[in-house]
Amino acid sequence: MLATLLIVFREVIEAGIVVGIVLAATKGVKGRGFWVGAGVGVGVLGAGVVALFAREIADLFEGWGQEYFNATILSAAVVMLTWHNIWMASQGQAMAQEARVRALGGAVSAGHRPITALAIVVGVAVLREGTEVVLFLYGIVSAGNSALSVLAGGVLGILAGGALSAIMYLGLAAIPVGALVAVTTGLITLLAAGMASQAVAYLQQAGHFPGMSTALWDSSALLPQNSILGQLLYSLIGYSESPTGAQLTAYLAIILVNIAFIRLIRFLKL
Amino acid sequence: MTERISRLGAACAIIAGLVLAGSAHADGIKRFYTTIKDHKFDPAEIHVPAATAVILVITNADDTSEEFDSAALRIEKVLQGGQKGSVWLRPLTAGTYPFMGEFHADSAKGVIIAE
């Protein structure tokens, strides 16, 4: 039961961090609970479907189907996160007014917000981690382990992971309204950068970017990626103990793209 | 306006990515093999030449799925029961690189030794 609990806990945290950041970034926006909930729901359903067809998906593209699938959904999340940052930057005056409304306890209409973009990000995160959880649990149960102990481990893992994610969200939500947008923009940028680096890692696993495939450093002695802090930083800012040149390039490129677009929009006062 | 800019940016990024991607040719690359049986790797110690890209072929001979996972190698692949899968290993500097079967981490452990 403990092994089940730990694995489910880890996967839930990875998705929970994304959900927490999205919730913090949409704080005060009416209807965001529905959209984020929908993202989680679709992600869970999708995880079931992907798990069901995991064998067939992996066999696609000469056996690289899993890598391409993961790289594609991660890239979609990167585009959605960047799109959200760009949209937020373009609001200028409108946002300052919204911030004032929220500070006064009012709720702002979600009507003109690309919450759907963030719902997709949530869906992707839940789909990725959820698929692993489904496959793991199915394997454990079919190996003859007590279904009850597996269920208990799974439920406890979800509760513990959810609780830790909730604590992280509450920490973010406590940030004063004026700074919250800047902080969430930064977190979304790093989240997108980390996902881009992950997408490149999957493509390199399938043989792409051979020219930039040597590791740039090995910080596993300093901070192992499998440690608790390492895992948190992996999910939050895309920390890797041994990134390749291609992965680091994707990481920095996404950060630069976000900064550049935000600056460009402010400069053009769009 | 922002919509057009961001769509253009996304399209440029994707095209640039595809252009730069350049898949390495799998023929002529040395392959190494390991099998998962009873939630253990066999062999659990795989020697590969350093500074050379190779392909690791993993066969999951168990009935249930296993996830081949290595932070050191930045490799992550789920193999269904009875399924075979390949992963490219990047050119490695001489050293030891641990990997594991994440779903059965206490018994499914191994190392890649680059020399």
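Because the structure is a prediction, the values reported are computed rather than measured.

Quick word on the nonpolar core
If you look at the biggest cluster of nonpolar residues, it comprises 49 residues, and the most contacted ones within it are Val18, Ile21, Leu81 and Met195 of chain A. Going through the elements one at a time, α1 (2-25), α2 (32-52), α4 (65-89), α6 (115-142), α7 (147-173), α8 (177-205) and α10 (245-268) of chain A are the ones with two or more residues in this core. Counting residues per element, this core draws most heavily on α8 of chain A, which supplies 12 residues. When residues no more than four places from it in sequence are discounted, the contact partners of Ile21 of chain A are Met168, Leu172, Thr184, Leu187, Ile188, Leu191 and Leu236 of chain A. By size, the runner-up hydrophobic cluster in this structure holds 21 residues, among which are Val48, Leu56, Leu79 and Ile112 of chain B.

Examining empty space enclosed by the protein
In the structure shown here, the tally under the stated rule is 4 cavities of 30 Å³ or more. Put simply, the largest cavity is a space of about 270 Å³. For the largest cavity, the lining is made up of 22 residues, of which Gln225 and Tyr234 of chain A together with Asp69, Ile75 and Glu76 of chain B are closest to its centre. Among the secondary structure elements, those contributing two or more residues to the lining of the largest cavity are α1, α6, α8 and α9 (228-237) of chain A together with β5 (66-70) and β6 (75-79) of chain B. The element that contributes the greatest number of residues to the lining of the largest cavity is α8 of chain A, accounting for 4 residues. Classifying every residue of the lining of the largest cavity by side-chain character gives 5 nonpolar, 6 polar and 11 charged. Counted as a void, the second largest cavity has a volume near 220 Å³. What lines the second largest cavity is a set of 18 residues, and nearest its centre among them are Val50, Gln66, Asn70 and Thr131 of chain A together with Val78 of chain B. Going through the elements one at a time, α3 (54-63), α4 and α6 of chain A together with β6 of chain B are the ones with two or more residues in the lining of the second largest cavity. Element by element, the count of residues in the lining of the second largest cavity is highest for α6 of chain A, at 5 residues.

Scoring rules and cut-offs
Every chain is numbered independently, its residues counted from 1 as its sequence is written. Going through the entries in the order they are written, you letter the chains from A and number the ligands from 1. Under the rules for a predicted model, residues below a pLDDT of 70 receive no local features and side-chain atom pairs below 80 are neither given nor counted, while totals for whole chains, interfaces and linings still include all residues. Hydrogens and waters are ignored; side-chain quantities use all the structure's heavy atoms. Remark: nonpolar core denotes a set of buried residues (Ala, Val, Leu, Ile, Met, Phe, Trp, Tyr, Cys) joined through side-chain atoms within 4.5 Å. Here the term buried applies to any residue with accessible area under 20% of the maximum for its type, exposed to any over 50%, and partly exposed to those in between, with areas from a 1.4 Å probe on protein chains only. Helix numbers and strand numbers start at the N terminus; a helix is a DSSP run of H or I with at least 4 residues, a strand a run of E with at least 2. The contact criterion used throughout is that any non-hydrogen atoms of two residues lie within 4.5 Å. Using a 1 Å grid laid over the protein atoms alone, points where a 1.4 Å probe fits but cannot get out form a cavity; open sets with protein on both sides within 12 Å along at least 5 of 7 lines form a pocket; any residue with an atom within 4 Å of a point counts as lining. Grid points are joined across faces, edges and corners, and a volume is the space filled by probe spheres set on the points. Only Asp, Glu, Lys and Arg are considered charged in this grouping, and only Ala, Val, Leu, Ile, Met, Phe, Trp, Tyr, Cys and Pro are considered nonpolar; every other residue, Gly among them, is considered polar.

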